[in-house]
Structure formats: structure tokens, C-alpha cells
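Close look at the chain arrangement
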Amino acid sequence: MGGAFSSASRTVSQLQAAGSDTEKEAAVKALGELAGTGPGRREEIVKAGAVPLLVGLVQSGSLRAKELAAGALSHLALTPGNKTAIAEAGGIRAIVELMRNGVGESKGAAA
């Protein structure tokens, strides 16, 4: 699992350092793909601190970043223990707001 953590940690660091929308979108896409690989990876992504960053992007990222972040949170929520972290970071409220006010694919990703 050390490799999983280093991948998760590295990708979260890339998201933290991202300046442009394109960089943020690439990092979030990578996190979403990593989250789709299994429960162990999802736990490591949460431990690496991704949830508040993803929630922030759902709230105020580019349209594409909102879509990708909502999808990544959806993958993370497949692991029961992660649901609490998502809720505590305001993820439920952010997703509900995206479903209410989002457009196009972002609404679908939030659902």
C-alpha cells in the first residue's frame, strides 16, 4: 500500500500546487482515476488530504473541475469510512448545490 500512498500523496500535492484551471483539472482527473482503482487507494487519497481540495473545486472550480471533483468524491464515497470525511468537509452541501445550480455534465457528475 506504500505505492498507493505515494501516488495519492503526489497527486494531492500536484492539486495543491496547481495554478491554472488546466493543471487543477489534470490533477483532479488523476485523483478520480486513482480513486477508481479500489478501496485501499480511496482510503489513501482521503488520508493524503484530498477531500477538502475536491470540495473546494466543486464549490468554485471551473465547470470541468467541478465535474471531475464531483466524480472523484463519488468514487471516494464508495468506501464507507470516507463518507464521514466528505460530509465533514462540506461535500454533501457542495454536491447538492452543484446539482441545483450546475450546468450540463457537472449536474450529472454530482448525481
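Note that the structure is predicted; figures quoted are calculated from it, not measured.

Some points on the packing of helix H2 (residues 21-35) against helix H5 (residues 63-76)
Direction vectors running N to C along H2 and H5 enclose 20°, while the axes themselves pass 9 Å from each other. Here H2 lies roughly parallel to H5, going by the angle between them. Here the hand of the crossing between H2 and H5 comes out left-handed. Within the contact between the two elements, H2 uses Glu 25, Val 28, Lys 29, Gly 32 and Ala 35 and H5 uses Arg 64, Ala 65, Leu 68, Ala 69, Ala 72, His 75 and Leu 76. Residues of the contact of H2 with H5, tallied by class, amount to seven nonpolar, two polar and three charged.

Digging into the side chain of Arg 42
When you line up the elements, Arg 42 lands in helix H3 (residues 39-47). Among buried charged residues, Arg 42 stands out as having no salt bridge; its nearest opposite-charge side chain is Glu 43, 7.7 Å away. Excluding its chain neighbours within four sequence positions, the residues that come into contact with Arg 42 are Ala 35, Gly 36, His 75, Leu 76, Leu 78, Thr 79 and Asn 82.

Things to note about the pattern of salt bridges
Scanning the model with the defined rule gives two salt bridges in all. Across the salt bridge formed by Arg 64 and Glu 67, the nearest N and O atoms sit 2.8 Å from each other. Separated by three residues within a single helix, Arg 64 and Glu 67 lie in helix H5, roughly one turn from each other. Arg 100 is the salt-bridge partner of Glu 97, the closest N and O atoms lying 3.3 Å from each other. Of this pair, Glu 97 and Arg 100 both sit in helix H7 (residues 91-101), three residues apart, roughly one helical turn. The exposure class of Glu 97 is partly exposed, given its relative accessible area of 34%.

Cut-offs used in this document
Residues numbered from 1 in each chain as written. Predicted model: local features only at pLDDT ≥ 70, side-chain atom pairs only at ≥ 80, totals over all residues. Heavy atoms only, no water. Axes fitted to C-alpha atoms, helices over the stretch in contact; angles between N-to-C directions. Helix = DSSP H or I, 4+ residues; strand = E, 2+ residues; numbered from the N terminus. Parallel < 35°, antiparallel > 145°, perpendicular 65-115°, else oblique. Left-handed = near helix turned anticlockwise from the far one by under 90°. Contact = heavy atoms within 4.5 Å. Nonpolar A, V, L, I, M, F, W, Y, C, P; charged D, E, K, R; others polar. Buried < 20%, exposed > 50% of the residue type's maximum accessible area, 1.4 Å probe, protein only. Lys, Arg positive; Asp, Glu negative; His and termini not counted. Salt bridge = Lys/Arg side-chain N within 4 Å of Asp/Glu carboxyl O.

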